[in-house]
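# Reading the structure
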Amino acid sequence: MTQATDTQKQGILLSEAALQQVKLLQEQQGKELCLRVGVRQGGCSGMSYMMDFEDSSKISDNDDTFDYDGFKIVCDRKSLLYLYGLMLDYSNSLIGGGFQFTNPNANTTCGCGKSFGV
């Protein structure tokens, strides 16, 4: 597991595999971007995870930023209430591969692992 540089701000955790994958995807974008992680209403279980690359200039005062060896993950504080302690992992398996979310705040999780309920 990769730890955030600031040990007091470990709200979202990354596995080494996830960090390598997001850095690879960032490289393919051809510019320095951060990864925005959050939640929105919807999905099988009530709330769904969202993540996308975003220009660092869009980071606001209402966001928390986590630095992993120079790569930034950004999460708005409202979403962080549901995601604090989230472990983001990555697998390149043919079945069940991709990014996987392990959320200690989720009471229920759908079969695909992309939505949850609290």
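Everything that follows concerns the structure shown earlier in this document.
Note that the structure is predicted; figures quoted are calculated from it, not measured.

Within the protein, the secondary structure is distributed over two helices and nine strands. Reading the secondary structure of the protein in the N-to-C direction produces β-α-β-β-β-β-α-β-β-β-β. Per-residue burial for the protein yields a buried fraction of 42% across its 118 residues. Counting contacts in the protein only where the partners sit at least 6 residues apart, residues at least 24 apart contribute 52% of the total. For the protein, the accessible area works out to roughly 6800 Å², and carbon and sulfur atoms hold 48% of it.

So, about the side chain of R36. By secondary structure assignment, the location of R36 is in strand β2 (residues 33-41). Of the polar contacts made by the side chain of R36, one reaches the side chain of E54; its length is 2.9 Å. Within the structure, the side chain of R36 is placed 2.8 Å from the side chain of D63, a separation counted as a polar contact. Setting aside anything within four residues of it in sequence, one finds R36 in contact with M50, M51, D52, E54, K58, I59, D63, V74, C75 and D76.

With that out of the way, let us pick up the pattern of salt bridges. All told, the structure shown has three salt bridges when counted by the stated rule. Close ionic contact of R36 with D63 constitutes a salt bridge, the shortest N to O distance being 2.8 Å. Here R36 is found in strand β2, whereas its partner D63 is found in strand β4 (residues 63-68), with 27 residues between them in sequence. Accessibility classification places R36 together with D63 in one group, the buried group. Here D64 makes a salt bridge to R77, at a shortest N to O gap of 3.4 Å.

Further remarks concern the nonpolar core. Soluble globular proteins tend to bury their nonpolar side chains together. Core analysis: the largest hydrophobic core is formed by 25 residues, its most contacted members being I12 and I73. The biggest single contributor to this core is β2, with four residues. Discounting chain neighbours no more than four positions away, the residues touching I12 are V37, F66, Y68, I73, C75, L80, L83 and L86.

Taking 1.5 Å per residue as the helical rise, helix α1 (residues 16-29) with its 14 residues ought to reach 20 Å, and the 20 Å between its terminal C-alpha atoms agrees with that figure. Burial in α1 covers these residues: A18, L19, Q21, V22 and Q26. Each buried residue of α1 sits inside an arc of 165 degrees when the element is viewed along its axis, so together they form one side. More than 90 degrees from the buried face of α1, the exposed residues found are Q20, E27 and Q28. Downstream of α1 by a residue or two, G30 has a phi angle that is positive, lying close to 80 degrees.

Cut-offs applied
Residues numbered from 1 in each chain as written. Predicted model: local features only at pLDDT ≥ 70, side-chain atom pairs only at ≥ 80, totals over all residues. Heavy atoms only, no water. Helix = DSSP H or I, 4+ residues; strand = E, 2+ residues; numbered from the N terminus. Buried < 20%, exposed > 50% of the residue type's maximum accessible area, 1.4 Å probe, protein only. Contact = heavy atoms within 4.5 Å. Areas by Shrake-Rupley, 256 points an atom, 1.4 Å probe, with all protein chains shown as cover. Polar contact = N/O pair within 3.5 Å; in protein donor to acceptor, adjacent residues only side chain to side chain. Salt bridge = Lys/Arg side-chain N within 4 Å of Asp/Glu carboxyl O. Core = buried A, V, L, I, M, F, W, Y, C linked by side-chain atoms within 4.5 Å. Expected span 1.5 Å × (residues − 1). Arc of directions from axis to C-beta.

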